[in-house]
Amino acid sequence: MPTLIIDGVGDFEIKKGTKLLNALVEYGGNPRHSCDGKAKCRDCRVEFIHGEPKKMTKAERSKLKDKGVLGRYRLSCQCLVKKDMHVKVLKPAKKPKKNPDLSKKIKPKPIWVKVK
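Residues numbered from 1 in each chain as written. Predicted model: local features only at pLDDT ≥ 70, side-chain atom pairs only at ≥ 80, totals over all residues. Heavy atoms only, no water.

### So, the environment of V115
Looking at where V115 falls in the secondary structure, it is placed in the segment after β9 (112–114). V115 sits in the partly exposed class, given a relative accessible area of 30%. Filtering out sequence-adjacent residues up to four positions away, V115 remains in contact with E52, P53, K54, K55, M56, R61 and R74. (Helix = DSSP H or I, 4+ residues; strand = E, 2+ residues; numbered from the N terminus. Buried < 20%, exposed > 50% of the residue type's maximum accessible area, 1.4 Å probe, protein only. Contact = heavy atoms within 4.5 Å.)

### Comments concerning unusual backbone geometry
The bulk of non-glycine residues show a negative phi, and the bulk of peptide bonds are trans. Look at the link from K107 to P108: it is a cis peptide, with omega at -5°. Position of P108 among the secondary structure elements: in the loop between β8 (85–89) and β9. Unusually for a residue other than glycine, A39 sits at a positive phi of about 60°. In this structure, A39 sits in the loop between α1 (20–26) and β4 (45–50). Phi at R42 is positive, roughly 70°, even though this residue is not glycine.

### Looking at the environment of P31
Checked against the element boundaries, P31 lands in the loop between α1 and β4. With 65 residues separating them in the primary sequence, P31 and P96 have C-alpha atoms 7.9 Å apart. In contact with P31, other than residues within four places in its own chain, are L21, L24, V25, V89, K91, P92 and A93.

### Quick word on the sheet that holds β8
Spatial strand order, β2-β1-β8-β4-β6: five strands in an open sheet with mixed pairing. Here the strands that pair on one side only, and so sit at the sheet edges, are β2 (10–13) and β6 (74–75). (Pairing = 2+ DSSP bridges.)

### With respect to the nonpolar core
In terms of nonpolar packing, the biggest core is built from 14 residues, with L4, L20, L24, V46, F48 and V87 touching the most fellow members. If we ignore the near neighbours within four places in the chain, the residues touching L24 are L4, I6, G29, N30, P31, V46, S76, V87 and V89. In this structure, A39, V69, L75 and L102 belong to the second largest nonpolar core, which totals nine residues. (Core = buried A, V, L, I, M, F, W, Y, C linked by side-chain atoms within 4.5 Å.)

### Topic: the pattern of salt bridges
In total, this model carries three salt bridges according to the counting rule given. The partner of K91 in a salt bridge is D43, with the nearest N and O atoms 3.1 Å apart. A residue pair is termed long-range when its members are at least 10 positions apart, and K91 in the loop between β8 and β9 and D43 in the loop between α1 and β4 qualify at 48 residues. With relative accessibility at 9%, the residue D43 sits in the buried group. Linking E60 and R74 is a salt bridge whose minimum nitrogen-to-oxygen distance equals 2.9 Å. Pair noted here: E60 is in helix α2 (residues 58–66) and R74 is in strand β6, with a separation of 14 residues, a long-range link. (Salt bridge = Lys/Arg side-chain N within 4 Å of Asp/Glu carboxyl O.)

### Topic: α2
Within the span of α2, buried status applies to E60, R61 and L64. Looking straight down α2, one finds its buried side chains confined to an arc of 95°; they lie on one side. Away from its buried face by more than 90 degrees, α2 exposes K58 and D66. In this structure, the buried residues of α2 make contact with β5 (55–57), β6 and β9. The first or second residue beyond α2 is G68, which carries a positive phi of 75°. (Arc of directions from axis to C-beta.)

Below you can see the structure in the form of structure tokens.
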């Protein structure tokens, strides 16, 4: 199982293929996620210190490009934990959501593209 290091929180063994946002919520990374993981708000942004995925969804690329921030950070709702990662949550929630309605799958349905 891959290890996820959440900056300032700790390191955790994560089931391969878990959506990064779900892992962050479950293990205390406390990211904001206003749209509940549908690539609409950019609140779940993270900085990869190590292990950034080589691909991103078309929805993530479009959202980041439209806002002029492509290459500065990633959306945790659009990333899967497939290998060891070290991330920093860039926009923590003031209060963690109790029982958030987060899908285990990436939404919208992912179309994968290479990171440029």
